[in-house]
Amino acid sequence: MAELAGAAAPFIDFRDVWLAYNDELLAQRQFAVEAIDLQVAQGEFIAIVGPSGCGKSTFMKLATGLKRPSRGSIVIDGREVDGPLKISGMAFQAPSLLPWRTTLDNVLLPLEIVEPYRSQFRSKRAEYAERARALLRQVGLGGYESKYPGSCRAACSSAPASAAR
Ligand SMILES: Nc1ncnc2c1ncn2[C@@H]1O[C@H](COP(=O)(O)OP(=O)(O)O)[C@@H](O)[C@H]1O
Ligand SMILES: [Mg+2]
């Protein structure tokens, strides 16, 4: 349907989005999510609620570019999503910390793995670590940079809660 004249384009634009998790499921027409049509304006706050297995996490994987749709189109900020988005963040419901790395090294892990940070990681480690320390302070984890995940439960449970997805 044509956009209303003068209306701003949506920031998030899902058009008839379907996802089957693999080729076998696709062949069986077993879709994790079906026919999602959703438009979200810039600055708009939305929450998606529903029972376990209804597709909330799948929606987030699609919206952040971690999964590509089997059908349909996803446009974010005017661009078709064709891979993981740098502008998005996701707080996973289950902890995904590596127990053998300190708090600081857990925060730095994505920068060690993902380009364009990976190739500069050695030369920019001090700069990245400073930014990571600032972020940890922001969420109430200042002072826990050198602790391991198993030893900072008390701090984590009193830190501000972030939305679980
Ligand atoms: N990796 C996967 N492979 C196959 N099916 C999956 C996978 N992850 C989720 N699903 C299926 O996709 C559907 C939606 O799951 P999910 O998005 O995790 O739901 P929610 O987050 O709302 O609990 C469910 O039927 C689930 O079994
Ligand atoms: Mg989920």
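Remember, it's a predicted structure, so these values are computed and weren't measured experimentally.

A. Molecular detail of helix α2 (residues 56-63). Every buried residue of α2 is accounted for by Thr58, Phe59, Met60, Leu62 and Ala63. Turning to α2, the residues buried within the fold contact β1 (12-19), β2 (33-40) and β3 (71-76). Just downstream of α2, glycine 65 is the residue with a positive phi angle, here 80°.

B. Structural context of the site of ligand 1. Looking at ligand 1, the residues that line it are Tyr21, Leu25, Ala32, Pro51, Ser52, Gly53, Cys54, Gly55, Lys56, Ser57 and Thr58. The contact in question runs from an oxygen atom of ligand 1 to an N or O atom on the side chain of lysine 56, over 2.8 Å. Take serine 57: an N or O atom from its side chain is 2.9 Å from an oxygen atom of ligand 1. Tallying contributions element by element places α2 first for the shell around ligand 1, with three residues.

C. Structural context of helix α3 (residues 103-113). Within the span of α3, buried status applies to Thr103, Leu104, Asn106, Leu108 and Leu109. Close packing links the buried residues of α3 with α4 (121-138).

D. Highlighting the nonpolar core. Residues Phe14, Val17, Ile36, Phe59, Leu62 and Ile74 are the most contacted members of the largest nonpolar core, which totals 14 residues. For this core, the secondary-structure elements that each account for two or more residues are β1, β2, α2 and β3. Core analysis: the second largest hydrophobic core is formed by eight residues, Leu104, Ala129, Ala132 and Leu136 among them.

E. Spotlight on the environment of glycine 78. In this structure, glycine 78 sits in the loop between β3 and β4 (79-80). Residues glycine 78 and aspartate 13, spaced 65 residues apart in sequence, show a C-alpha to C-alpha distance of 8.6 Å.

F. Focus on the sheet that holds β4. Ordered in space as β2-β1-β3-β4, the four strands form an open sheet in which the pairing is antiparallel. Strands with a single pairing partner mark the edges of an open sheet, and in this sheet they are β2 and β4. Inspection of the sheet shows β1 paired to β2 by five bridges, in the antiparallel sense. Bridge pairing in β2 places isoleucine 12 opposite valine 40.

G. The arrangement of the environment of threonine 64 in detail. Among the structural elements, threonine 64 can be located in the loop between α2 and β3. Expressed as a C-alpha distance, the spacing of threonine 64 and serine 88, which sit 24 residues apart in the sequence, is 5.9 Å. Look past the residues within four positions of threonine 64 in its chain and what remains in contact with it is Gly83, Pro84, Leu85, Ser88 and Met90. Polar contacts involving the side chain of threonine 64 include one to the main-chain carbonyl oxygen of lysine 61, which spans 3.4 Å.

Thresholds, definitions, all that
- Residues numbered from 1 in each chain as written.
- Chains lettered and ligands numbered in written order.
- Predicted model: local features only at pLDDT ≥ 70, side-chain atom pairs only at ≥ 80, totals over all residues.
- Heavy atoms only, no water.
- Buried < 20%, exposed > 50% of the residue type's maximum accessible area, 1.4 Å probe, protein only.
- Helix = DSSP H or I, 4+ residues; strand = E, 2+ residues; numbered from the N terminus.
- Contact = heavy atoms within 4.5 Å.
- Near = heavy atom within 4 Å.
- Polar contact = N/O pair within 3.5 Å; in protein donor to acceptor, adjacent residues only side chain to side chain.
- Core = buried A, V, L, I, M, F, W, Y, C linked by side-chain atoms within 4.5 Å.
- Pairing = 2+ DSSP bridges.

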